[in-house]
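One letter stands for each residue in the lines below.
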Amino acid sequence: MHVSLALKKRGDGVVGLDNFNNYYDPSLKRARRGVLENHGIFIVEGDINDAALLKKLFHMISFTHVMHLAAQAGVRYAMENPSSYVHSNIAGLVTLLEACKSAEPQPAVVWASSSSVYGLNTKVPFSELDRTDRPASLYAATKKAGEEITHTYNHIYGLSITGLRFFTVYGPWGRPDMAYFSFTKDILAGKPITVYQGPKEMDLARDFTYIDDIVKGCLGSLDTAKKSTGIGGKKKGQAQYRIFNLGNTSPVTVPNLVNILEKLLKVKAKQHIVAMPGNGDVPFTHANITLAHEEFGYRPTTDLSAGLKKFVRWYLSFYGADGVNRS
Ligand SMILES: NC(=O)c1ccc[n+]([C@@H]2O[C@H](COP(=O)([O-])OP(=O)(O)OC[C@H]3O[C@@H](n4cnc5c(N)ncnc54)[C@H](O)[C@@H]3O)[C@@H](O)[C@H]2O)c1
Ligand SMILES: O=C(O)[C@H]1O[C@H](OP(=O)(O)OP(=O)(O)OC[C@H]2O[C@@H](n3ccc(=O)[nH]c3=O)[C@H](O)[C@@H]2O)[C@H](O)[C@@H](O)[C@H]1O
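To start, this report covers the structure provided alongside it. In this text, all values refer to a predicted model and were calculated from it rather than measured experimentally.

**Focus: the overall build of the chain**
Across its full length, the chain carries 10 helices and 12 strands. For the chain, whose C-alpha radius of gyration is 20 Å, the value lies close to the compact-globule estimate of 20 Å for 327 residues. On the principal axes, the C-alpha backbone points of the chain span a range of 60 × 45 × 35 Å. Within the chain, the proportion of its 327 residues that are buried is 52%. Expressed as a percentage of contacts within the chain between residues at least 6 apart in sequence, the contacts between residues at least 24 apart total 81%. Element-wise, carbon and sulfur atoms account for 56% of the exposed surface of the chain, whose accessible area totals about 15100 Å². Taking the average place of the 38 positive charges on the side chains of the chain and the average place of its 29 negative ones, the gap between the two points comes to 3 Å.

Below, the structure is given as structure tokens:
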């Protein structure tokens, strides 16, 4: 939603595609759709696995770029519903790349990978050339698979591909399954929250990245994506294949995240502190963003307190303190 709005605001044409699945409250997704439609952005309701639909769309519109953000997200849910990750993040990705490869002209593809591909690495900050062969969750494994799959489409068909490894993105209109969002809801409702700890009671930490910074990185990478040289451009195999970290470079522990929320919400959290349950989590993330800075000037500017302040303002206007969706 945020990337589409930013593109539209600067004058680009945008068409969206989403299947509005019920992984989390579809009414939030439909409210986001309302915002986009109010800004003149047309949204198609459909699945990226629907090859016929994609073919029709690519036939109707000569897309210059595809910003592929659709996915089954969430690290821990992969233990409950593994096939949804294969459906959206692997099969869906291949269906989309097949459509892009056959399009005339071929669009440049920018897509969301994930910081989770760094898996069990302990050397921080994570750099793009570090190992990514030890995923800790099926979600991470499907994002890693996506990086390999996109590489083959670049190599064989000359598709121009940029993968962006986002680091725990948060902000207004975000995902209710993520900790910052569910903690806000539960703290306001007076319900206990569960805070995970690593081995030896170590606090977990994340390089939380504010949505507006991610949007700048998305647009920067779109604008520096070279045209494909494949079927459309006739010169197979010479297009760009790039991967960038988009993080914030200043990790914050989960207890600190809770402290900031308590101050903003003016409510003390009831906390259950438990050992990390071995459900796909990694203890910490930290991005080296030198490459994205050098290539398209990526420089995040929002720290967690400032970003959460904007999130809480949005949350209270959208849900109210009682957590009821008023859209
Ligand atoms: N939010 C984060 O912290 C984070 C971190 C790293 C990577 N990512 C990646 O960034 C991208 C965007 O994530 P987000 O947090 O904005 O999530 P989001 O839930 O807001 O957006 C994903 C959208 O994809 C749609 N979708 C899922 N499967 C689909 C399918 N098969 N066909 C069509 N639509 C489908 C969903 O309905 C949803 O609206 C995802 O690829 C995610 O894996 C997110
Ligand atoms: O950068 C990514 O690649 C990923 O970012 C995000 O994953 P995570 O960093 O795991 O975010 P999130 O669930 O908010 O947990 C944050 C912290 O709170 C801790 N956490 C979580 C839940 C809880 O009940 N208690 C708790 O302590 C938890 O242990 C963790 O330390 C995206 O969801 C995911 O789609 C993926 O793309």
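**Section: the pattern of salt bridges**
Here the structure, examined in full by the defined rule, presents 17 salt bridges. Lys123 is paired through a salt bridge with Asp130; the nearest N and O atoms lie 3.0 Å apart. Exposure remark for Asp130: the relative accessible area of 17% places this residue in the buried category. Put simply, Arg242 and Glu295 hold a salt bridge, and the shortest N to O gap is 3.4 Å. Taken as a pair, Arg242 in strand 10 (residues 241-246) and Glu295 in helix 9 (residues 290-296) lie far apart in primary sequence, 53 residues in all. For Arg242, a relative accessible area of 8% gives the class buried. With relative accessibility at 41%, the residue Glu295 sits in the partly exposed group. Here the residues in one salt-bridge network are Arg30, Arg33, Glu37 and Glu45, joined through shared partners.

**Considering the sheet that holds strand 5 (residues 161-166)**
Consider a sheet: its strands pair through backbone hydrogen bonds, and that pairing is either parallel or antiparallel. Reading across from one edge, 3-4-5-10 is the order of the 4 strands in this open sheet, with parallel pairing throughout. Of all strands in the sheet, those with a lone pairing partner are strand 3 (65-68) and strand 10, marking the two edges. If you compare each strand with its neighbour and ignore which way they point, the axes differ by 20 degrees on average. In the sheet, strand 4 (residues 108-114) pairs with strand 5 via 6 bridges, with the strands oriented parallel. Its bridge partner being in strand 5, Ser113 is matched across the sheet by Arg165.

**Some points on helix 7 (residues 211-223)**
The end-to-end C-alpha distance of helix 7 is 18 Å, a good match for the 18 Å that 13 residues give at a rise of 1.5 Å each. With 10 of 13 residues buried, helix 7 is to be regarded as a mostly interior element. For helix 7, the set of buried residues is Ile211, Asp213, Ile214, Val215, Gly217, Cys218, Leu219, Gly220, Ser221 and Leu222.

Calculation rules
Residues numbered from 1 in each chain as written. Chains lettered and ligands numbered in written order. Predicted model: local features only at pLDDT ≥ 70, side-chain atom pairs only at ≥ 80, totals over all residues. Heavy atoms only, no water. Helix = DSSP H or I, 4+ residues; strand = E, 2+ residues; numbered from the N terminus. Rg over C-alpha atoms; globule rule 2.2 N^0.38 Å. Buried < 20%, exposed > 50% of the residue type's maximum accessible area, 1.4 Å probe, protein only. Contact = heavy atoms within 4.5 Å. Areas by Shrake-Rupley, 256 points an atom, 1.4 Å probe, with all protein chains shown as cover. Lys, Arg positive; Asp, Glu negative; His and termini not counted. Charge placed at Lys NZ, Arg CZ, Asp CG, Glu CD. Salt bridge = Lys/Arg side-chain N within 4 Å of Asp/Glu carboxyl O. Pairing = 2+ DSSP bridges. Axes fitted to C-alpha atoms, helices over the stretch in contact; angles between N-to-C directions. Expected span 1.5 Å × (residues − 1).

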